[in-house]
Amino acid sequence: MGAEASDLEPGRWTIDPVHSEITFTIRHLMTTVRGTFPDFGGEVVIGDDPLDSSARAEIRMASIDTRSPERDEHIRSSDFLEVDKHPVMTFAATGVAPAAIGRRARTPRYHLDGDLTIKDVTRPVRLLTEFHGVGPDPWGGTRAGFTATGTLSRRDFGIEFNIPFQGDRVMLGDEIALALEIQAVQAA
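A separate point is the packing of aromatic side chains. Within a pair of aromatic rings, the relevant descriptors are the distance that separates the centres and the angle that separates the planes. For the structure on display, the rule yields 3 aromatic pairs. Both rings, one in F24 and one in F37, keep their centres 5.6 Å apart while their planes meet at 40°; by these two values the pair is tilted. Residue F24 is found in strand β2 (residues 21-28), and its partner F37 is found in the loop between β3 (31-36) and β4 (40-46); the two are separated by 13 residues along the sequence. Both rings, one in F131 and one in F146, keep their centres 5.5 Å apart while their planes meet at 40°; by these two values the pair is tilted. In this pair, F131 is assigned in strand β8 (residues 121-136) and F146 in strand β9 (residues 142-153), connecting sequence segments 15 residues apart. Of the residues examined, F131 reaches a relative accessible area of 1% and is grouped as buried. Overall, F146 belongs to the buried group, its relative accessible area being 15%.

Rendered as structure tokens:
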């Protein structure tokens, strides 16, 4: 038997950025480029009914890391994220619903709907979320684990930069795949 959302105690849970990560991928020419935003924080508030829960997060855009300092500087520029004008990306949950994904899913899955704001543009996003359980940590706290995945169109957020390449091809894809591994610590 897998973990159930009802195992979570209602209340505030703080995201632990040291044991969590926010990663993304985007098509670049014929391959995929991976990156991460290591500077972020947020919280999950579990309702008495877990489906009445909420979440919010803030991601520092300048923390982008694609393992190429030159590329990261370009992504921080006005061609992409304009981090000097828009230093923070935010997510605010608007709803949680059970997801009927895969008959053999080992863990319960939920749709986490929310508003993502990048460069002062807010769009709805849907994340497929898995709850991995709750338990004690070695420091006397209680932790919960989640995975969330989703996709977004960078053009929806006004990120249009591209370079035409050989006819109708372009250097960068529009779709960005997101993956979040989140550990949250129950507030005292």
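The biggest cluster of nonpolar side chains holds 42 residues, and the ones touching the most others in it are F37, L81, L116 and I118. Sort the elements by how many residues they give to this core and strand β12 (residues 172-186) lands first, with 6 residues.

Turning our attention to the environment of I75. In this structure, I75 sits in helix α1 (residues 69-76). For I75, a relative accessible area of 14% translates into the label buried. Separated by 13 residues in sequence, I75 and A62 place their C-alpha atoms 9.0 Å apart. In this view, I75 contacts I64, T66, F80, L81 and E82; residues no more than four positions away in its chain are not counted.

Further remarks concern unusual backbone geometry. Residue R67 is not a glycine yet carries a positive backbone phi of 70°. Position of R67 among the secondary structure elements: in the loop between β5 (54-60) and α1. Not every positive phi belongs to a glycine, and D120 is a case in point at roughly 65°. Relative to the elements of secondary structure, D120 occurs in the loop between β7 (109-118) and β8. Owing to a relative accessible area of 65%, D120 belongs among the exposed residues under this scheme.

Moving on, we come to α1. Within the sequence span of α1, burial applies to D72, I75 and R76. Summarising the axial view, the buried residues of α1 lie within an arc of 100°, below the 170-degree limit, and thus occupy one face.

Before going further, it helps to examine the pattern of salt bridges. Under the counting rule described, the total for this entry stands at 10 salt bridges. Two residues, R12 and E43, come together in a salt bridge whose shortest N-O distance is 2.4 Å. With R12 in strand β1 (residues 11-15) and E43 in strand β4, the pair connects residues that are 31 residues apart, well separated along the chain. The exposure class assigned to R12 is partly exposed, which follows from its relative accessible area of 43%. Residue E43 is classed as buried on the basis of its relative accessible area of 15%.

Definitions and cut-offs
- Residues numbered from 1 in each chain as written.
- Predicted model: local features only at pLDDT ≥ 70, side-chain atom pairs only at ≥ 80, totals over all residues.
- Heavy atoms only, no water.
- Phe/Tyr/Trp six-rings, centres within 6.5 Å; stacked < 30°, edge-to-face > 60°.
- Helix = DSSP H or I, 4+ residues; strand = E, 2+ residues; numbered from the N terminus.
- Buried < 20%, exposed > 50% of the residue type's maximum accessible area, 1.4 Å probe, protein only.
- Core = buried A, V, L, I, M, F, W, Y, C linked by side-chain atoms within 4.5 Å.
- Contact = heavy atoms within 4.5 Å.
- Arc of directions from axis to C-beta.
- Salt bridge = Lys/Arg side-chain N within 4 Å of Asp/Glu carboxyl O.

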